[in-house]
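# Coordinates in review
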Amino acid sequence: MSERIIKATGEFIKLQDLLKLSGLCETGGHAKLVVQNGEVKVNSQICTMRGKKLRTGDTVEYNGEKFKVIMT
């Protein structure tokens, strides 16, 4: 699994917003379902909080994709 970088502005980005921004989920509803079903990992741990605040250095894994968060 290769790791890609996703850049966002601000202090943090919410998990559901990152899933939409990265293109892994087309809608907020889809993001909500995959997070609540335990299909998403944050920093190698299953995360069921769709509003989880992600900061620089956090990693998100879903559906064979892995992203590293960089906040600017």
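## As for the side chain of Thr59
Take Thr59: it is sitting in strand β6 (residues 59–62). Aside from chain neighbours lying at most four places away, what touches Thr59 is Glu3, Lys41, Val42, Asn43, Ser44, Lys66, Phe67 and Lys68.

## Focus on the pattern of salt bridges
Going through the model one piece at a time under the given rule, you end up with 4 salt bridges. Its salt-bridge partner being Glu3, residue Lys66 comes within 4.0 Å of it at the nearest N-O pair. Residue Lys66 is located in strand β7 (residues 65–71), and its partner Glu3 is located in strand β1 (residues 3–8); the two are separated by 63 residues in the primary sequence. Under the relative-accessibility criterion, Lys66 is labelled partly exposed at 22%. Across the salt bridge formed by Arg4 and Glu65, the nearest N and O atoms sit 3.4 Å from each other. Remark: Glu65 occurs in strand β7 and Arg4 occurs in strand β1; sequence separation between them is 61 residues.

## Observations concerning the environment of Val35
Among the secondary structure elements, Val35 is positioned in helix α2 (residues 28–36). Classification of Val35 as buried rests on a relative accessible area of 0%. For the pair Val35 and Thr48, spaced 13 residues apart in sequence, the C-alpha to C-alpha distance is 5.0 Å.

Parameters at a glance
- Residues numbered from 1 in each chain as written.
- Predicted model: local features only at pLDDT ≥ 70, side-chain atom pairs only at ≥ 80, totals over all residues.
- Heavy atoms only, no water.
- Helix = DSSP H or I, 4+ residues; strand = E, 2+ residues; numbered from the N terminus.
- Contact = heavy atoms within 4.5 Å.
- Salt bridge = Lys/Arg side-chain N within 4 Å of Asp/Glu carboxyl O.
- Buried < 20%, exposed > 50% of the residue type's maximum accessible area, 1.4 Å probe, protein only.

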